[in-house]
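Given next are the chains, with one letter for each unit.
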Amino acid sequence: MSFRRLLERGPSRRVHLTVYAGDESDLLEGIDFRNATVERRRLPPDDADGFVVVHDEDEFVAAVGPAELARLVEPAVHDPWSAALGREYRRLYELFRGTVFESLERRQLLGATREVEHRAWTVGNGTLRVGFQRRAAFDDQLPVYARLAAETDLAVHVYGAWDRDPPAVDGLSYHRGNSDEIGSFWFLAFDGGDGERAGGLLAEERSPGTYAGFWTFDRTLVEELSTAAVEAASAAE
Amino acid sequence: MTRENCRIARREGRGEDPWSSDFFRALSDRYRRFALYYLLEHDRVSIEELATVVAGWAHATDGDVVGRERRDRIHASLLHRHLPELEAAGLVAVDRGSDSVSRERWSLPERETVEQSLEIETDRERP
C-alpha cells in the first residue's frame, strides 16, 4: 500500500475522548482529530481546568490533565539519546498513538519522531527508515542520524526526492525516489530490532508548517510503512 | 420508611438541627467530595463513569496520568466504601441493578455547603 493510501486509510485504532471541563475551558479545542470522537461533559465550576479521558472503543485507557496535554501540543524536543525522553514522554505518545491529527505543527511531529528514534537508539539494532519531504529538513537532522548510525548497530536508510545524495556517512544508506511518494511524505519506520519496540510515523505537509499525520507503535502498521518506502524507492531505481 | 423520611426523622429527633454528622462525615473524604461535586451537575451517572471522573479530577488535574489500575481501585473503593457512606447520609441512591448512582434531593444548607466546598477546593488547587 502506498503512503498516500496508508494516510487516507489511517490506523485502525478507534479512540474516544471525553473532555470533562468547565464551560469556559478550551481544552482540546483547536486540535483536529480524524479517527477520534470527542465528547464534552460539564465539570463545575465554569472555569474548571478539567481533564481528558481516553477510551479505546469502550475500554478506559487513561485520564490526562491539561499540563500533560500541553506537552503534546508544545513538546520539549530532545535528542533521541537524551535521558529526558523517559517514561512520561513515552506515556503521552502511547496515549495518542494511532490517532490521525489533521493539523499538526512541525514541532509536534518532531516530538513524536524523537520518541520513535529514542526506541531505535535504546534497542540499538534493527532497521530504521526515514523519509523527508525537504532536503533542508534532512540536512538539519543529519548529525542525529549520523550519530545513530555510528553508535549503534542500526541500519539507517534515508529516503528523499533530492537531486544529489547528501554527504556519505558511515552506516547511512541513501535512497532517492520519485516525488509522488518519496519526497511527498515525512515518515519513519523502526522495525523494533530484537527489542520488539517498533515505532513509525507518517505525515504530509498540507500547508506551510502544518501536517496531517499519525504515529504508531503497531508492528504491522510499521511494516506497512517500511514496505511502502522500499517499494517506492525500488520503483524509482 | 423511605430514606428521606429516615433523614427527616433523625433531624427532628435532634430538634430541627439542619445538619447531621453523617453529612460532614460524607464530606470529610476527598473522593466523596468530588463525587458530590459531579453529582451537582449530573444527577444520575453510572458508577463506572463516576469512578473515572473522581480519578481524573482528583489526580489528572495535578499533572498525573491516571491509568486503568488506579481508576479500577477508585471504582472499587467507591462501590464498597464511599457510595455506601454517601447513601447512609441520604445524599445519593445507589441502584445496584443498573450500577448507577443518583443524587437524592438535598436540603438547601446541604447543597450550598457542597457548592461552597467545590469553590474552595477547586480554587485552592489552582497553581
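Residues numbered from 1 in each chain as written. Chains lettered and ligands numbered in written order. Predicted model: local features only at pLDDT ≥ 70, side-chain atom pairs only at ≥ 80, totals over all residues. Heavy atoms only, no water.

What about the overall build of chain A?
For clarity, the threshold we go by: Only runs of H or I of at least four residues qualify as helices and only runs of E of at least two qualify as strands under DSSP, and these elements are numbered from the N terminus. As a reference, a globule follows 2.2 Å times the number of residues to the power 0.38, and the radius of gyration itself is taken over C-alpha atoms. Using a 1.4 Å probe on the protein chains alone, a residue whose accessible area is under 20% of its type maximum counts as buried, one over 50% counts as exposed, and one in between counts as partly exposed. For this analysis, residues touch if any pair of their heavy atoms sits within 4.5 Å. Computed by Shrake-Rupley with a 1.4 Å probe, the accessible areas treat only the displayed protein chains as cover when residues are assessed.
Within chain A one finds six helices and 11 strands. For 237 residues, the compact-globule estimate of 2.2 N^0.38 gives 18 Å, and the C-alpha radius of gyration of chain A, at 18 Å, lies within 12% of that figure. Judged by the C-alpha coordinates and their principal axes, chain A covers about 60 × 35 × 30 Å. Looking at chain A residue by residue over its 237 residues, the buried ones come to 54%. If you take every contact in chain A between residues at least 6 apart in sequence, the share linking residues at least 24 apart comes to 66%. Accessible area for chain A stands at about 10000 Å²; split by element, carbon and sulfur atoms hold 44% of it.

A look at the confidence of the model for chain B
Residues and elements named next belong to chain B. Basically, it comes down to this: Confidence of the predictor at the level of single residues is given by pLDDT, which spans 0 to 100.
The predicted model of chain B averages 87 in pLDDT, with 83% of residues at 70 or higher. Across chain B, strand 4 (residues 100-103) holds the top mean pLDDT of 98, while helix 1 (residues 3-13) sits lowest at 55. Both scores are available for the predicted complex, with the pTM at 0.86 and the ipTM at 0.85.

Considerations on the packing of aromatic side chains
Rule in force here: Between the rings of Phe, Tyr and Trp (Trp by its six-membered ring), a pair exists once the centres lie within 6.5 Å; its type follows the angle of the planes, with under 30 degrees stacked, over 60 edge-to-face, and the other angles tilted. Geometrically, a charge over a ring is one whose NZ (Lys) or CZ (Arg) sits within 6 Å of the ring centre while staying within 35 degrees of the ring normal.
Taken as a whole and judged by the stated rule, the model has 21 aromatic pairs over all chains. Aromatic pair F101(A) and W215(A): ring centres 5.3 Å apart, planes at 20°, arrangement stacked. You can see F101(A) sitting in strand 5 (residues 101-105) and its partner W215(A) sitting in strand 11 (residues 210-216), a full 114 residues away along the chain. For W215(A), a relative accessible area of 2% translates into the label buried. In this structure an aromatic cluster arises from ring pairing among F33(A), Y93(A), F96(A), F101(A) and W215(A). Positioned over the ring face of W162(A) is R135(A), at 5.6 Å from the centre of the ring. One residue, R103(B), lies across the ring of W106(B), its end atom 5.7 Å from the ring centre.

Quick notes on unusual backbone geometry
If a residue is not glycine, its phi is most likely negative; likewise, a peptide bond is most likely trans. All names here are of chain A. Residue P44 is joined to P45 through a cis peptide bond whose omega torsion reads -10°. Residue position: P45 is located in the loop between strand 2 (36-42) and strand 3 (51-56). If you check the backbone angles, L28 has positive phi at about 70° while not being a glycine. Take L28: it is sitting in the loop between strand 1 (15-21) and strand 2. A positive phi angle, near 50°, is found at E196, a position not held by glycine. Within the element layout of this structure, E196 appears in the loop between strand 9 (186-190) and strand 10 (199-207).

Quick look at the interface of chain A and chain B
Our working rule: Buried area counts how much accessible surface, traced with a 1.4 Å probe, disappears from two parts once they are put together, with both parts' losses summed. For salt bridges, the criterion is a side-chain nitrogen of Lys or Arg within 4 Å of an Asp or Glu carboxyl oxygen. Between N or O atoms, a polar contact is any pair within 3.5 Å; within protein, one atom must be a potential hydrogen donor and the other a potential acceptor, and residues adjacent in sequence are included only when both atoms are from side chains. When residues are sorted by character, Ala, Val, Leu, Ile, Met, Phe, Trp, Tyr, Cys and Pro go into the nonpolar class, Asp, Glu, Lys and Arg into the charged class, and all the rest, Gly among them, into the polar class. Pairing between strands is defined by DSSP: at least two bridges between them are needed.
On the side of chain B, 22 residues touch chain A, which itself brings 21 residues to the contact. Three residues, P44(A), F51(A) and F60(A), lead the burial of chain A against chain B; their summed loss comes to 30% of the area buried on that side. Across the contact surface, chain A and chain B share three salt bridges. The closest approach of N and O atoms between R68(B) and E59(A), which form a salt bridge, is 2.9 Å. Taken together, the links from chain A to chain B amount to six residue pairs in polar contact (both at pLDDT 80 or more). Among the elements of the structure, strand 2, strand 3, strand 4 (59-64) and helix 3 (87-95) of chain A are those that each provide at least two residues to the side of chain A that touches chain B. By residue number, the principal contributor to the side of chain A that touches chain B is strand 4 of chain A, which donates six residues. When grouped by side-chain class, the residues that make up the side of chain A that touches chain B number 12 nonpolar, two polar and seven charged. Two elements, strand 4 of chain A and strand 2 (residues 65-67) of chain B, share three bridges in a ladder whose sense is antiparallel.

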